[in-house]
Amino acid sequence: MFTANNIIEFSKQFSTQQACYQYLANCKWKNGYTCKKCDNTNYCKGQKPYSRRCTRCKYDESPTAGTLFHKLKFPIQKAFYKAIKAMEQDPDCLLTGQVEVDEFRVGGSEEGRQGRSKGKKREVVLAIKTSDYGIHKAYAQVINGAGTKELRPFFERYIAAQACIKTAGWPGYSPLKASYPFSKQYPSKKGKSLQLTPRYILMFKAWLRGIHHSVKHLQVYLCEYNYRFNMIKQKKVIFHDLITKMVKAEPIAIPELMRAA
Ligand SMILES: [Zn+2]
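The present account deals with the structure reproduced in this document. Keep in mind that what you see is a predicted model, and the values were worked out from it rather than measured.

### Some remarks on the environment of Gly169
Inference 1: Relative to the elements of secondary structure, Gly169 occurs in the loop between strand 7 (164-168) and strand 8 (183-186).
Inference 2: Accessibility expressed as a C-beta count within 10 Å gives 12 for Gly169, which makes it exposed.
Inference 3: Considering only alpha carbons, one finds Gly169 and Tyr186, 17 residues apart in sequence, at a separation of 5.2 Å.
Inference 4: If near-sequence neighbours (up to four positions away) are discounted, Gly169 is found in contact with Gln185, Tyr186, Pro187 and Ser188.

Take a look at the structure:
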């Protein structure tokens, strides 16, 4: 089973149509093969990649037949790519309860590759759901400055209106109070106003320095890091769930994919 804990591994594993078909075939016939037409359980190789041909009635079934992949109008690799995009930051439910929001900067010489990255710092907004046990779930997005215009769409996408939100004293958050009545700003006391976002930011920056060395694809790295983190917390394998749903032709997967398009 592919758990998609690394986007680069993903693109290697599904670099060809063949690999995608193989994965689908494994999903589809995981519990054994039965002919759809005559219930025969013996098959030989079919005409299309990874298709199976019934040895009795000769019905040739492809890995995509009867699945949502069959109905997609674009190539299968693109469908897989959409699946991983859907999975990277799928806000299957908005952050509720206790939520902390903070902005931070990444890049410039300190996080960049030595002698190379003179790129300017990038600004990121981060929202985490906190619980008694610490950080529960996190989403982050690269923004062009921390104005309300940039912050509002992020809030709308990831945070429930009734959440109890803590932010720093930054004025960009003030106009959002009308839509988020339980949000409260805490004036910075030497950076101590928020408890858990600073910890998360440190962890993310350490990971980024250790693995990626540059911030060229910062949003992808944020997605990857949050995905790993949220997966550990949720103990779910969204990618495999999504593909399995599509192989079983459960209609729920289509809007998920389209939303990610
Ligand atoms: Zn048959």
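On we go from here.
### Focus on unusual backbone geometry
For residues besides glycine, phi is generally negative; the peptide bonds are generally trans as well.
Inference 1: Positive phi values are uncommon outside glycine, yet Tyr50 reaches one of about 60 degrees.
Inference 2: With respect to the helices, strands and loops of the structure, Tyr50 is situated in the loop between strand 1 (43-45) and strand 2 (52-54).
Inference 3: Accessibility expressed as a C-beta count within 10 Å gives 20 for Tyr50, which makes it buried.
Inference 4: Look at Lys58: it is not a glycine, yet its phi comes out positive at around 70 degrees.
Inference 5: Within the secondary structure, Lys58 sits in the loop between strand 2 and strand 3 (60-61).
Inference 6: Classification of Lys58 as exposed rests on a count of 12 C-beta atoms within 10 Å.

### Digging into the pairing of strand 4 (residues 98-106)
Inference 1: Two strands pair when backbone bridges link them, and strand 4 and strand 5 (residues 122-131) are joined in this way by nine bridges, in the antiparallel orientation. When the sheet's bridge partners are listed, Glu103 is paired in strand 5 with Val125.
Inference 2: Bridge analysis of strand 4 against strand 7 gives four bridges, and the strand direction is parallel. Considered in strand 7, the bridge of Glu100 is made with Lys166.

Calculation notes
Residues numbered from 1 in each chain as written. Predicted model: local features only at pLDDT ≥ 70, side-chain atom pairs only at ≥ 80, totals over all residues. Helix = DSSP H or I, 4+ residues; strand = E, 2+ residues; numbered from the N terminus. Buried ≥ 20, exposed ≤ 12 C-beta atoms within 10 Å, placed from the backbone. Contact = placed C-beta atoms within 7 Å. Pairing = 2+ DSSP bridges.

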